Amino acid sequence: MSREEFISSFQDKLTTSFGKSMEEATNKEAYQTVSLILRDMILRNWQKTQNKQREKDEKQMYYFSMEFLLGRLIESNLINTGLEKICVEALIELGFKPEEVFSEELDAGLGNGGLGRLAACFLDSLASLNLPGHGMGIRYKYGLFQQKMVNGYQVELPDYWLKDDYMWETKRSEKAIEVHFAGNVQLQSADGHLQVEHTDYERVLAIPYDVPIVGYDNQFVNSLRLWSAESMPNSFHFHSQKGTDYYHYLDYKRSVEQISEFLYPDDSYYEGKLLRLKQQYFLVSAGLQSIIRRFKKKHNDFLLFPQKIAIQINDTHPSLVIPELMRLLMDIEKLSWDDAWDITIQTVAYTNHTTLVEALEKWPVHMVKSLLPRIYMIIEEINERFCQSIYFEHPALRNEIANMAIISYEQIHMAHLAIVGSHSINGVAKLHTEIIKKREMKNFYRVFPERFNNKTNGITHRRWLLNVNPSLAQLISNTIGDGWIKEPRKLIHLIKYTDDSSLQDEISSVKLKNKQKLAKYIRDEYQITIDPNSLFDVHIKRLHGYKRQLLNLFHILHLYQLCKENPNVQFTPRTFIFGAKAAPGYHFAKQVIKLITAAADKINHDPFVKDKLKLIFLENYNVSLAEKIIPAADISEQISTASKEASGTGNMKLMMNGALTIGTLDGANIEIRDMVGPKNIFTFGLNSKEVFEYQQNGDYRARDVYNSDQRLSAVMDTLVNQSFFQDDVEFKNIYYSLLYNNDEYFVLKDFDSYVEAHQHVEQTYRNESSWNKKSITNIAHSGKFSSDRTISEYANEIWNIHPM
Ligand code: 26W
């Protein structure tokens, strides 16, 4: 499509869809018009891809996930279809500002954080690598809450992202599926076969909305299928004379529609909420039934199923896939237990994303039994057979059976179910996989060593470099050619240029421009002026104790105190930027947010500090905001308590944009260090072994650290002595959790070495050439962290699917 053609179709669509002329069109209408043009093109390729996949009967992979954190699709769709340049030029010619037009699209915030964004990156890589792999998720009416800061506190507002039409979805009513809840189950034996009769169940209609997932420059389009729950009026018998039926129907309708109403805002914290269990089964049952329906169009032999279908479950959230597939194969398709079990295991693979105990899902037996009676029976049978097999085949583990059982103490352990019912269990970074194998799931590793494997996370470099940082992308292409776009490992060619002073200067000028742009955004939105020449230190991720935003803040307060003590103290001017949402019920995390904003208020208005220090808490951190911040970062804060962050992916995004990491030896930070070498990353703090030893021996004393480090006590005392923060705000809770609850996340313990690492950062930043060299080195090694690498590993080692 040429620019002229684009403009003429723009004018056409504007008239036919909105009855407007160019002069009258708003940014929103311009956005919708562009999407309509794109959609036409995408839909054609979508159909072609589907036809080809059907014809060739290639094996398909389905990624089941309760979360897909897509953000906006307009720009990545433009880039991937190759229309971006033309569209941008056309919009400018027509008098629009492309950035304003694109920002009319509301983020699809159907995820909390890392796990949901990973799923979105994976979809992009699958399509870009011509791999037949699709997403299965829920079309939540409300995504992750909008964070509004009121008086420095987080307030949650509903995220009604569907208030305008969502331009990328296609409703497929004709492909609706029924999902059944509750009721009674009778088992009868009929001529040697088990007959299962499920009666009095509640019927829910699952309507799929398909979103095309567009590959980069390959005309290949996969699908993300998002299910929405609807009631079934015709399944309801209106026969009572009293007129109460109608009210019953309304109750039923409301309860059904709730299922896909909102995304649970908990990240790394499990709560046994009935509605969440309903959501999980709804996704799993609708998704599996639709897969089987498609499979049956070509095949009648279910033993072929694992050769045609692979299913990946994103954490345990969709682990009911295992008993549900068993149910469908046995009760509906009439397979024997043994055949159904073989098929299920060969089909399903499980990814673990966390070892935090409080995040592990354990459903109460009574809940599953009443909501999903048949599923419960199947889980019981799986458990029974598994425990028997341990008893007889692994006598050395007999004493461990109670710990390994799927059902124990009236709870169903979903991770155990997921391990027992799948052929692959993977962690998301080397260290994390080792922790799973050697510690958290060591008994299971003894039983199924061949099932465990590592797949270090990745990010799509198309969105996180090409799209968000076009000037850096251009500079890279000018230097080493554009081969890296299709083969991100080629970024390594930059390594030849680390000492090239002209590249160093250009890198630094690209960074400066990105920082100026962010500074302008912050000035416009927050009326705070920050200096683009200061060091931009960025800490963006969910707010959680283990991610230690508090450690960062303590260091900032320490610097602040240095400024106060000696107004002439010389140090590199720094701008600290935070973005974080706290789970609505996580009080500690919310207190930390309030502490950050209170400190920001104080520091930013203190004349003593002048321009040495600025602290900004950005509201409503989401994908689109991340896209603004990441290209402008100098320092990437990856400071989790060692062993707690399974991988991290923000670390990769920031590295790819030339930020240097200050981080602990945790998650994928370790692999980043292995790539760039210890000189090109600032590591500090306890390692995971030391953390485990303290935990095992119980010999960590937070109070001793507090007593022995005057800088630390000076900072911490400001939380309680009201000398620093206003009288009506107290942060005793935080203070107590550190000193009286003995600082679960070793914030105090790591403070000293963190301060030292920051001093090192500051010194390095003063030497511009050396900094730029490190920055180039980081970019050069970031190719490994493209999700294309990750997805190729999953495709080859777990799914056995092939590029088409
Ligand atoms: C049931 C409540 C709940 C919800 C979400 C428990 C746990 C989760 C996720 C597992 C949390 C999560 O997003 N984990 C992150 O996954 C990323 C992708 O693998 C990793 O990079 C992060 O380290 C990990 O914290």
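Structure's up top.
What this report covers is the structure whose coordinates are included nearby. Predicted model, so just to flag it, every value in this text is computed and none were measured.

Conventions adopted
- Residues numbered from 1 in each chain as written.
- Predicted model: local features only at pLDDT ≥ 70, side-chain atom pairs only at ≥ 80, totals over all residues.
- Heavy atoms only, no water.
- Core = buried A, V, L, I, M, F, W, Y, C linked by side-chain atoms within 4.5 Å.
- Buried < 20%, exposed > 50% of the residue type's maximum accessible area, 1.4 Å probe, protein only.
- Helix = DSSP H or I, 4+ residues; strand = E, 2+ residues; numbered from the N terminus.
- Contact = heavy atoms within 4.5 Å.
- Salt bridge = Lys/Arg side-chain N within 4 Å of Asp/Glu carboxyl O.
- Axes fitted to C-alpha atoms, helices over the stretch in contact; angles between N-to-C directions.
- Parallel < 35°, antiparallel > 145°, perpendicular 65-115°, else oblique.
- Nonpolar A, V, L, I, M, F, W, Y, C, P; charged D, E, K, R; others polar.
- Phe/Tyr/Trp six-rings, centres within 6.5 Å; stacked < 30°, edge-to-face > 60°.
- Lys NZ or Arg CZ within 6 Å of the ring centre and 35° of its normal.

## A short note on the nonpolar core
Nonpolar side chains tend to gather and get buried jointly when the protein is soluble and globular. Counting residues in hydrophobic clusters, the biggest one holds 145 residues, and the most contacted among them are F10, W168 and W799. It is helix α8 (residues 274–298) that contributes the most residues to this core, ten residues altogether. Setting aside residues up to four positions removed in sequence, W168 forms contacts with Y31, S35, L38, R39, I42, L73, I74, N77, E105, D210, V211 and P212. Counting residues in hydrophobic clusters, the runner-up holds 66 residues, among them M149, F554, F578 and F746.

## Examining the pattern of salt bridges
One pass over the full model with this rule turns up 44 salt bridges. Here E257 ties to K253 by a salt bridge, and the two come within 2.7 Å at their closest N and O atoms. Of the two residues, E257 and K253 are both situated in helix α7 (residues 245–257); the distance of four residues between them amounts to about one turn of the helix. Overall, E257 belongs to the partly exposed group, its relative accessible area being 28%. Put simply, D788 and R462 hold a salt bridge, and the shortest N to O gap is 2.7 Å. Placement of D788 in helix α33 (residues 787–799) and of R462 in helix α18 (residues 461–467) is noted, with a sequence separation of 326 residues between them. Judged by its relative accessible area of 3%, R462 is buried. Put simply, R3, K85, E89 and E93 are held in one network by salt bridges that share partners.

## Remarks on the packing of helix α22 (residues 549–565) against helix α29 (residues 710–717)
Following both chains from N to C, one finds α22 and α29 inclined at 100°, their axes separated by 9 Å at the closest point. Our classification of the angle between α22 and α29 gives roughly perpendicular. Together, F554, L557, H558 and Q561 of α22 and R711, L712, A714, V715 and M716 of α29 make up the contact between the two elements. Of the residues assigned to the contact of α22 with α29, the class counts are six nonpolar, two polar and one charged.

## A look at the packing of aromatic side chains
On inspection of all chains with the given rule, the structure shows 28 aromatic pairs. Each ring, one from Y246 and one from Y247, has its centre 6.2 Å from the other, and the planes form 65°; the classification is edge-to-face. The class for Y247 is exposed, based on a relative accessible area of 56%. On the basis of an interplanar angle of 35° and a centroid distance of 6.0 Å, the ring pair of F302 and F305 is categorised as tilted. For F302, a relative accessible area of 6% corresponds to the buried category. A relative accessible area of 0% means that F305 is categorised as buried. The rings of Y63, F122, Y794 and W799 are connected pair by pair, giving a single aromatic cluster. Across the ring face of F448, the terminal group of R451 is positioned such that the distance to the ring centre comes to 3.7 Å. When the ring centre of Y740 is taken as reference, the NZ or CZ atom of R703 above it lies at 5.4 Å.

## Some words on unusual backbone geometry
It is generally the case that most residues other than glycine have a negative phi and that most peptide bonds are trans. In this model, N620 sits at a positive phi of 55°, which is unusual for a non-glycine residue. The phi dihedral of F746 falls on the positive side, at around 60°, and the residue is not glycine. Locating F746 in the fold gives a position in the loop between α30 (732–739) and α31 (747–766). On the basis of relative accessibility, which here comes to 4%, the residue F746 falls in the buried class.

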